[in-house]
Amino acid sequence: KPMQYSADNHNAHWEYSLNRVTQKGHLADKMTVKGSQFQQPLLEYSGACAGCGETPYVKLLTQMFGDRMVIANSSGCSSVWGGSYGVSPWRKNEKGQGPAWARSLFEDTAEYGLGMAISSRQRRARLVDDVRELLEMPETEQVASPALVAGL
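Residues numbered from 1 in each chain as written. Predicted model: local features only at pLDDT ≥ 70, side-chain atom pairs only at ≥ 80, totals over all residues. Heavy atoms only, no water.

Colleague: Whenever I open this one, the overall build of the chain confuses me. Can you help?
Modeller: Along the chain, the regular secondary structure elements total six helices and two strands. Ordered by position in the sequence, the α and β elements of the chain form the string α-α-α-β-α-β-α-α. Based on the C-alpha atoms only, the size of the chain along its principal axes is roughly 75 × 45 × 35 Å. The 152 residues of the chain split such that 20% are buried. Carbon and sulfur atoms make up 58% of the accessible area of the chain, which totals about 11700 Å². (Helix = DSSP H or I, 4+ residues; strand = E, 2+ residues; numbered from the N terminus. Buried < 20%, exposed > 50% of the residue type's maximum accessible area, 1.4 Å probe, protein only. Areas by Shrake-Rupley, 256 points an atom, 1.4 Å probe, with all protein chains shown as cover.)

So this is what it looks like as structure tokens:
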């Protein structure tokens, strides 16, 4: 009965808030305490224990850096609420961007995160080198379209 009452009386409000209320992130600087609260949280419904002190901080981090955030996580509570099979508290923004989350074994999170950062830098450097090589190719050997080359 309570579930049916809620469905009958509150679904319209829920649908309105999901589909008609827009994000207000442009109203204030997201790097301020006030402005961060206007940003879309990319951590929702974590399933953590009541009173968990970790999830509000992670939610705030997603509001500030979530669209480009990479998380190296240790095994523990946060790997339960953050990565249980079949359920994910992480979401993406309207552009499809959101936090990248991965879990390592016990006691090696710093090394794991460092490896993620180093590999990301290496991939970016390789991309820059590949684009430079593409742009330096003679026109007769060019494999990219003229429009792509002009755009780069």
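Colleague: Which parts of the structure should I look at to understand the side chain of Thr-109?
Modeller: Following the sequence through the fold, Thr-109 ends up in helix H5 (residues 109-136). In this structure Thr-109 touches Ala-72, Asn-73, Ser-74 and Ser-104, once residues within four positions along its chain are discounted. (Contact = heavy atoms within 4.5 Å.)

Colleague: Just checking my understanding: could you explain the pattern of salt bridges for this structure?
Modeller: Close approach of charged atoms allows side chains of opposite charge to pair. Taken as a whole and judged by the stated rule, the model has four salt bridges. Across the pair Glu-44 and Arg-91 runs a salt bridge whose closest N-O atoms are separated by 3.3 Å. Here Glu-44, found in the loop between helix H2 (33-36) and helix H3 (54-65), pairs with Arg-91, found in the loop between helix H4 (77-83) and strand S2 (100-103); they are 47 residues apart in sequence, far enough to count as distant. We classify Arg-91 as partly exposed; its relative accessible area is 34%. A salt bridge links Arg-126 to Asp-130; the shortest N-O distance between them is 3.1 Å. With Arg-126 and Asp-130 both in helix H5, this residue pair falls four residues apart, about one helical turn. Arg-126 gets classed as exposed once you look at its relative accessible area, which sits at 54%. (Salt bridge = Lys/Arg side-chain N within 4 Å of Asp/Glu carboxyl O.)

Colleague: I'm lost on the environment of Gly-66 in this one. Help?
Modeller: By secondary structure assignment, the location of Gly-66 is in the loop between H3 and strand S1 (70-73). Those residues in contact with Gly-66 that sit more than four places away from it in its chain are Leu-42, Leu-61, Gly-98 and Pro-99.

Colleague: Sorry, what's going on with H3 here?
Modeller: In an α-helix there are 3.6 residues to a turn, and that puts residues three or four apart on one side. Look at H3: 16 Å from first C-alpha to last across 12 residues, which is about the 16 Å you get at 1.5 Å a residue. Every buried residue of H3 is accounted for by Thr-55, Val-58, Thr-62, Gln-63 and Met-64. As for H3, its buried residues are in contact with H2 and H4. (Expected span 1.5 Å × (residues − 1).)

Colleague: I keep staring at the side chain of Asn-93 and nothing clicks. Help me out?
Modeller: Within the secondary structure, Asn-93 is located in the loop between H4 and S2. With a relative accessible area of 13%, Asn-93 lands in the buried category. Among the polar contacts listed, one links the side chain of Asn-93 to the backbone nitrogen of Lys-95, at a separation of 3.0 Å. If sequence neighbours within four positions are ignored, Asn-93 has contacts with Gln-40, Leu-42 and Asp-67. (Polar contact = N/O pair within 3.5 Å; in protein donor to acceptor, adjacent residues only side chain to side chain.)

Colleague: Just checking my understanding: could you explain a nonpolar patch on the surface for this structure?
Modeller: On the surface, Trp-14, Leu-18 and Tyr-45 cluster together into a nonpolar patch covering about 390 Å² of accessible area. Among the structural elements, Leu-18 can be located in helix H1 (residues 2-19). (Patch = residues over 30% accessible without salt bridge, like charges linked within 9 Å, V, L, I, M, F, W, Y side chains within 5 Å.)

Colleague: When you look at the packing of aromatic side chains in this model, what are you seeing that I'm missing?
Modeller: Ring pairs (aromatic) are described by centroid distance and by the angle formed between their planes. Here the structure, examined in full by the defined rule, presents one aromatic pair. Geometrically, the ring pair formed by Trp-81 and Trp-90 is tilted, given 6.2 Å between the ring centres and 40 degrees between the ring planes. The exposure classification of Trp-81 matches that of Trp-90, with both residues buried. (Phe/Tyr/Trp six-rings, centres within 6.5 Å; stacked < 30°, edge-to-face > 60°.)

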